[in-house]
Amino acid sequence: PQSNDPWFRFFFGESESRAQAGLGSGVILSPDGYIVTNNHVVDDAKKMTVVLDDGRELIGTLVGTDPKTDLAVLKVSGNNIPRGLPWGASVNARPGDSVFAVGSPFGLGNTVTAGIVSARGRNINSGQYDDFIQVDAPINQGNSGGPLFDQTGSVIGVNSAIYSPTGGNVGIGFSIPSDMAKGIVAQLIAHGSVERGWLGVGIGPVTQDIASSLNLASTKGAMVQSVTDGSPAAKAGVKEGDVILHFGEREIAHVQDLTRAVADT
């Protein structure tokens, strides 16, 4: 995905010419050869070669992609595939926690950089499912698709983008949180594509003026601006002007919370 902001860089390792080779990183998930990376790393690729830590080169086949979250799954076959890395719980990541990014910056091979979680839930306008972990661990071209580790060695993110006026690292990187990625990846492995829930409403934020006019105690929630005829929302009796505060057990504090909750259904 491309952001509307020209300073967001998603295309780590993408070549200027489509006839040339690009590069990226990935995470082996299991010894049967499934690998997660970014969609923009494999987008339009004619051939994919996976280089393991021991130098072996294996042909990768595309299992499935989800451009909306910039995730993709590849598969390789061979003997002695590494056992894979465990997903961690990104929900437990807090600003200030130490994190480690691993990848192949500029094609240098396995490289580890360290930093902290700078913020959670970042929306960088790359799509409706933005929910990035912001980190200051140095991330550069070639790091796309590599893992973000917490201090226990669990993968809590998939490195995806940087903010940079120059194209190089300035200490602002973004990772797709594992709590989002693992569900998407599971669907890609099982079905080759992702199915998302649909509610059938147009929504907007609850401003302070709206909250005051409705005698709401806060600006939490998502304001229903329209309802599609025949949709699940219409059948359930949702009306224009309603404010959605919960979806199942999930609290809806912002518009993006409802979008993600419905998508996860």
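Relevant structure appears above.
Cut-offs and rules
Numbers given for residues are sequential positions, taken from 1 along each chain in its written order. For this predicted model, a pLDDT threshold of at least 70 governs which residues receive local features, and a threshold of 80 or more governs which side-chain atom pairs are given and counted, while totals over whole chains, interfaces and linings are taken from all residues. Side-chain measures here rest on the full set of heavy atoms in the structure, leaving out hydrogens and waters. Only runs of H or I of at least four residues qualify as helices and only runs of E of at least two qualify as strands under DSSP, and these elements are numbered from the N terminus. Remark: exposure states derive from per-residue accessible area (1.4 Å probe, protein chains only) relative to the maximum for the residue type, with buried under 20%, exposed over 50%, and partly exposed in between. Definition used for salt bridges: Asp or Glu carboxyl oxygen within 4 Å of a side-chain nitrogen of Lys or Arg. Any two strands with at least two DSSP-identified bridges between them are counted as paired. In what follows, residue pairs with any heavy atoms lying within 4.5 Å of each other are defined as contacts. Axis angles are defined between N-to-C directions and span 0 to 180 degrees, where every axis is a line fitted to C-alpha atoms and, for a helix, only to the segment in contact.

(A) How the structure looks around unusual backbone geometry. A positive phi angle, near 70 degrees, is found at Asp 44, a position not held by glycine. Within the secondary structure, Asp 44 sits in the loop between helix 1 (39-42) and strand 4 (48-51). Residue classification places Asp 44 among the partly exposed residues on the basis of a relative accessible area of 46%. Notably, Asp 70 is not glycine yet its phi reads approximately 60 degrees, a positive angle. Secondary-structure assignment places Asp 70 in the loop between strand 5 (57-66) and strand 6 (71-75).

(B) Expanded view of the environment of Asp 43. With respect to the element layout, Asp 43 can be found in the loop between helix 1 and strand 4. According to the relative accessible area criterion, Asp 43 is partly exposed, its value standing at 45%. Here the alpha-carbon distance between Asp 43 and Thr 65, two residues 22 residues apart in the chain, equals 8.7 Å.

(C) Looking closely at the pattern of salt bridges. With the rule as written, the count across this model stands at 8 salt bridges. Note that Asp 257 is salt-bridged to Arg 260, the shortest N-O span being 3.6 Å. Taken together, the residues Asp 257 and Arg 260, both in helix 5 (residues 255-263) and 3 residues apart, mark about one turn of the helix. With respect to burial, Asp 257 and Arg 260 carry one shared label: buried.

(D) Fine view of the sheet that holds strand 14 (residues 222-227). Taken in spatial order, the 3 strands line up as 13-14-15 in an open sheet, and their pairing is antiparallel. Edge positions in the sheet fall to strand 13 (201-205) and strand 15 (243-244), since each has one partner strand and no second. For strand 13 and strand 14, the ladder comprises 5 bridges, and the chain directions are antiparallel. When the sheet's bridge partners are listed, Gly 202 is paired in strand 14 with Ser 226. Along the sheet, helix 5 makes contact with strand 13, strand 14 and strand 15, crossing strand 13 at roughly 145 degrees.

(E) The environment of Lys 68, seen in detail. Note on placement: Lys 68 falls in the loop between strand 5 and strand 6. Lys 68 sits 59 residues away from Gly 127 along the chain, and the two C-alpha atoms are 6.5 Å apart. If sequence neighbours within four positions are ignored, Lys 68 has contacts with Gln 128, Tyr 129 and Arg 196.

(F) Seen up close, the pairing of strand 5. As judged from the 4 bridges shared by strand 4 and strand 5, these two strands associate in the antiparallel manner. Its bridge partner being in strand 5, Thr 49 is matched across the sheet by Ile 59. Linking strand 4 back to strand 5 in an antiparallel pair, the connection comprises 5 residues, with Gly 55 at a positive phi of about 95 degrees. Bridge analysis of strand 5 against strand 6 gives 5 bridges, and the strand direction is antiparallel. Looking across to strand 6, one finds that Thr 61 is bridged to Lys 75.

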